[in-house]
Amino acid sequence: MFPAERLNRLNSVFSKSPMPDRKNIAILGSTGSIGQNALSVIHSLPGYRIYGLTGHSRVELLLNQARKYAPEIVVFSDRGSASDVSIPALPGTSVSYGKAGIIALATHEATDIVVAAIVGRAGLESTWAAIGHGKRVALANKETMVVAGSQIMKLAAETGAEIIPVDSEHSALFQCLHSGNHSGNGNSSEVSRLILTASGGPFREFDSQQMNCVTVEQALNHPTWEMGPKITIDSATMMNKALEIIEARWLFGIDPAKIEVVVHPQSIVHSMVEFCDGSVISQMSPPDMKLPIQYALTYPDRIAGDCPRLDFESRLDLEFHPPDFDRFPALKLGYEVARQGGTTGAVLNGANEAAVAAFLNKEISFTDIVAACREVLDNHEYESNPSLEALLAQDVWAREEINKWIAC
Ligand code: NAD
Ligand code: MG
């Protein structure tokens, strides 16, 4: 899939030698919400260096980042957008283009850590390549785990790559799991349950009728988190939690029956682990992605850093409610896919990405998103042990099915 000769040729373009005593970080998707948070974390972190940046359509922003942080490598992944702007000479920075440029950066021998912050299935090949080259991957791109979690974990076991979650819930679970004797292993008999918290999104208290009239503007207005548009819509449908159930299932190798979702509107408790003795360990911090990003870089160490702190001087109320599976049917899809594995993750993810894009384009209604995903998932031809190529083909098929669904 990624011919070695082609990679070597691209790698040779980036021939500068790394600084010896600092960790080189490549941020894939540096112009996004996670990418920008990662830049600000790394900029203030001693011992780490911004080595490479990639961006897709926001060419001016990527150029500004390149001027400000002076990385060795910058990749404009969307050739079309890059050709609209004249790219000036960036002294000390090599410029590259396209998907091959991202993969060359992710696999470059000088790259120590890859922050996988591209949104959606578009992040799969570069994350896969980084893991294939045994890198530490600070994983924000949950869709890669949803599409190909089983294959990704197998590959990481073969290459020794470390996958450290950036998704706040999974970072919390990862941290809580270290309270047990079998550090970090969700499959240990000591672990009774992984409890994923969910803010519930902006429509937590909407009834079904109100849900039918939701506008794009309302859905983009998340109560506690500032994120890119796709994950913001996923949070509103609670498809984000469905994707996170699947992500947790593969990342921690746990039986989906041991994963529970709890609505916690304040987004302070980022998730919890219940151990066999009944002890529940939680991880708390303000709703801000800098901490999970920083921890994925510095793990197993903790450093003071610049992340916001909880303020216990003022009153802090924490609520927990069971989720409503009828108003948020995406959750059922998440459990089904986590149980069935095989091709279901690729189909659900592809269908959801296409449906969210259609909702943002005002082609379908808010409640259509999950209804369309349900139908596409039910109609697909299940395969239990697919190759990566078969998964990518199912992704394409699911998107086409959504387009047909819209046309009907
Ligand atoms: P975003 O939309 O703000 O940024 C996406 C980034 O991906 C941008 O840099 C963009 O240039 C790049 N990109 C988009 N399409 C691309 C393509 N086809 N090829 C190459 N690059 C492309 O998204 P985000 O909110 O930063 O989310 C990024 C990932 O992190 C998602 O998988 C999301 O689920 C996950 N995540 C985000 C948050 C958050 O707080 N934003 C929290 C947890 C997990
Ligand atoms: Mg999350």
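Since the structure is predicted, the reported quantities are computational estimates derived from the model, not experimental observations.

Engineer: Would you mind showing me how to read the sheet that holds strand S6 (residues 136-139) here?
Structural biologist: Within a sheet, each strand pairs with its neighbour through backbone hydrogen bonds, oriented either parallel or antiparallel. In space, the seven strands of this open sheet follow the order S4-S3-S2-S1-S5-S6-S7, with parallel pairing throughout. Where the open sheet ends on each side, the last strands, each with one partner, are strand S4 (94-97) and strand S7 (162-165). Averaged over all pairs of adjacent strands, the angle between their axes in this sheet comes to 20 degrees, without regard to strand direction. By the bridge criterion, six bridges tie strand S1 (residues 23-28) to strand S2 (residues 48-55) in an arrangement that is parallel. By the bridge assignment, alanine 26 is partnered in S2 with glycine 52.

Engineer: I keep staring at the coordination of the magnesium ion (ligand 2) and nothing clicks. Help me out?
Structural biologist: A metal bound by six donors in octahedral fashion has ideal angles of 90 or 180 degrees, whereas one bound by four tetrahedral donors has an ideal angle of 109.5 degrees. Within the protein, the atoms that donate to the magnesium ion (ligand 2) are Asp167 (OD), Glu169 (OE) and Glu244 (OE), at distances of 2.0 to 2.2 Å. Between consecutive donor residues of the magnesium ion (ligand 2), the sequence gaps follow D-x1-E-x74-E. Placement of the pair is glutamate 169 in helix H8 (residues 168-177) and glutamate 244 in helix H12 (residues 239-251), with a sequence separation of 75 residues. Looking at glutamate 169, the relative accessible area reads 8%, which means it is buried. A relative accessible area of 1% means that glutamate 244 is categorised as buried.

Engineer: Is there a simple way to explain the packing of aromatic side chains in this structure?
Structural biologist: When we look at a pair of aromatic rings, we describe it by the centre distance and by the angle of the planes. Inspection of every chain in the model, using the stated rule, returns eight aromatic pairs. Where phenylalanine 325 meets tyrosine 335, the ring centres are 6.3 Å apart and the plane angle is 35 degrees; that geometry is what we call tilted. Note that phenylalanine 325 is positioned in the loop between helix H13 (290-298) and helix H14 (330-340) and tyrosine 335 in helix H14, a separation of ten residues in sequence. If you follow arginine 249 out to its NZ or CZ, it ends over the ring of tryptophan 250, 3.9 Å from the centre.

Engineer: Before we go on, may I ask you to explain unusual backbone geometry in this structure?
Structural biologist: Most peptide bonds take the trans configuration, and most residues that are not glycine carry a negative phi. The peptide bond linking tyrosine 299 to proline 300 adopts the cis configuration, its omega dihedral lying at 10 degrees. Even without glycine at this site, methionine 238 takes up a positive phi of about 70 degrees. Within the element layout of this structure, methionine 238 appears in the loop between helix H11 (229-237) and H12. Since its relative accessible area comes to 3%, methionine 238 is described here as buried. At lysine 362, a position not held by glycine, the phi torsion is positive, near 60 degrees. With respect to the helices, strands and loops of the structure, lysine 362 is situated in the loop between helix H15 (344-360) and helix H16 (366-379). Exposure remark for lysine 362: the relative accessible area of 57% places this residue in the exposed category.

Engineer: Looking at this structure, I do not really get the nonpolar core. What am I missing?
Structural biologist: Where a protein is soluble and globular, its nonpolar side chains tend to be buried together. Met239, Leu297, Leu348 and Phe366 are the most contacted members of the largest nonpolar core, which totals 122 residues. The residues touching phenylalanine 366, leaving out its near neighbours within four places in the chain, are Phe203, Met211, Val214, Ala219, Ala236, Thr237 and Phe359.

Engineer: I tried to follow the site of ligand 1 on my own but got confused; where do I start?
Structural biologist: In the vicinity of ligand 1 there are 24 residues, among which Thr31, Ser33, Ile34, Glu143 and Gly228 approach most closely. In this structure, an oxygen atom belonging to ligand 1 sits 3.1 Å away from a main-chain N or O atom of glycine 29. At 2.7 Å, a side-chain N or O of threonine 31 approaches an oxygen atom of ligand 1. Counting residues per element, the ones that place at least two in the shell around ligand 1 are helix H2 (33-43), helix H7 (142-159) and H11.

How each quantity is defined
Residues numbered from 1 in each chain as written. Chains lettered and ligands numbered in written order. Predicted model: local features only at pLDDT ≥ 70, side-chain atom pairs only at ≥ 80, totals over all residues. Heavy atoms only, no water. Pairing = 2+ DSSP bridges. Helix = DSSP H or I, 4+ residues; strand = E, 2+ residues; numbered from the N terminus. Axes fitted to C-alpha atoms, helices over the stretch in contact; angles between N-to-C directions. Donors = N, O, S within 2.8 Å, 3.2 Å for Na, K, Ca; no water. Buried < 20%, exposed > 50% of the residue type's maximum accessible area, 1.4 Å probe, protein only. Phe/Tyr/Trp six-rings, centres within 6.5 Å; stacked < 30°, edge-to-face > 60°. Lys NZ or Arg CZ within 6 Å of the ring centre and 35° of its normal. Core = buried A, V, L, I, M, F, W, Y, C linked by side-chain atoms within 4.5 Å. Contact = heavy atoms within 4.5 Å. Near = heavy atom within 4 Å. Polar contact = N/O pair within 3.5 Å; in protein donor to acceptor, adjacent residues only side chain to side chain.

Spatial relationships are all this shows, so hold off on functional conclusions.
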